[in-house]
Amino acid sequence: MKKLMVIGAFGLMLAGCGMEKNSADNASAAEQEVKELEVQVLTEPVGETGEWTLEAFVSQGGEAVNDANEVKFEVFEAGKKDESVKNDYTDVKDGVYSIKHTFQEDGVYYFIPHVTARSMHTMPTQQVIVGQVTDEEIRAAEEAMAKAKAKMMEDKESGTKDEEDMKDGM
Ligand SMILES: [Cu+2]
């Protein structure tokens, strides 16, 4: 039984990247017994250029998770997901994982904490606005993000997902 659950959770994890929504629908009865891994972004979404602390609170069933296997913070400017940087967290306290990140230029950015813990993978997307940004830029950023997500889904369905994404999913 234990082994079955582990395999089930592993399947859920692989589906995690870019497909947060579907994974819950596809969960089998065994997976539903496992309490969902929740990741809440704590970082204020608006600020100025300079050093920021990116923070995400990880919990399961309302309890802080301090033993995550992996927490990687991905940061990229809107429309430039290809140039994203991904780094391991540097601090953890009471379930809050964090890393310092310096935003050099004004713009619309996204950061995604990729969290693997308790045999699950959760990865919320957070938009952050740095400095002076026009409404038009925000609209363009959201469109680019929607496209990037659609592409991720397509790649997944057609099986052309690249190696890096596969690794991330684990
Ligand atoms: Cu991920």
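Before any of the text, the structure's been laid out above.
Residues numbered from 1 in each chain as written. Predicted model: local features only at pLDDT ≥ 70, side-chain atom pairs only at ≥ 80, totals over all residues.

### Remarks on the overall build of the protein chain
- For the protein chain, the count of helices and strands is five helices and eleven strands.
- Going through the 170 residues of the protein chain one by one, you find that 24% of them count as buried.
- Counting contacts in the protein chain only where the partners sit at least 6 residues apart, residues at least 24 apart contribute 67% of the total. (Helix = DSSP H or I, 4+ residues; strand = E, 2+ residues; numbered from the N terminus. Buried ≥ 20, exposed ≤ 12 C-beta atoms within 10 Å, placed from the backbone. Contact = placed C-beta atoms within 7 Å.)

### Side note on the nonpolar core
- Ranked by size, the top nonpolar core spans 27 residues in total, and within it Val58, Ala68, Tyr109, Phe111, Val115 and Ala117 carry the most contacts.
- At seven residues, strand β9 (residues 107-117) tops the list of elements feeding residues into this core.
- For Phe111, the contacting residues outside a window of four places in its chain are Leu54, Phe73, Glu74, Val75, Gln126 and Val128. (Core = buried A, V, L, I, M, F, W, Y, C linked by C-beta atoms within 7 Å.)

### Concerning the pairing of strand β5 (residues 70-77)
- Pairing of β5 with β9 involves eight bridges; the strand directions are antiparallel. The residue bridging Glu74 from the neighbouring strand is Ile112, located in β9.
- With four bridges connecting them, β5 and strand β6 (residues 85-88) associate as antiparallel partners. Bridge pairing links Lys72 to Asp88 in β6. (Pairing = 2+ DSSP bridges.)

### Topic: unusual backbone geometry
- A positive phi angle, close to 50°, is found at Asp94, a residue other than glycine.
- Its place among the elements puts Asp94 in the loop between β7 (91-93) and β8 (96-103).
- Judged by C-beta crowding, with 8 C-beta atoms within 10 Å, Asp94 ranks as exposed.
- Backbone geometry places Ser119, a non-glycine residue, at a positive phi of 65°.
- Within the secondary structure layout, Ser119 lies in the loop between β9 and β10 (120-122).
- According to the C-beta neighbour criterion, Ser119 is partly exposed, with 17 such atoms within 10 Å.

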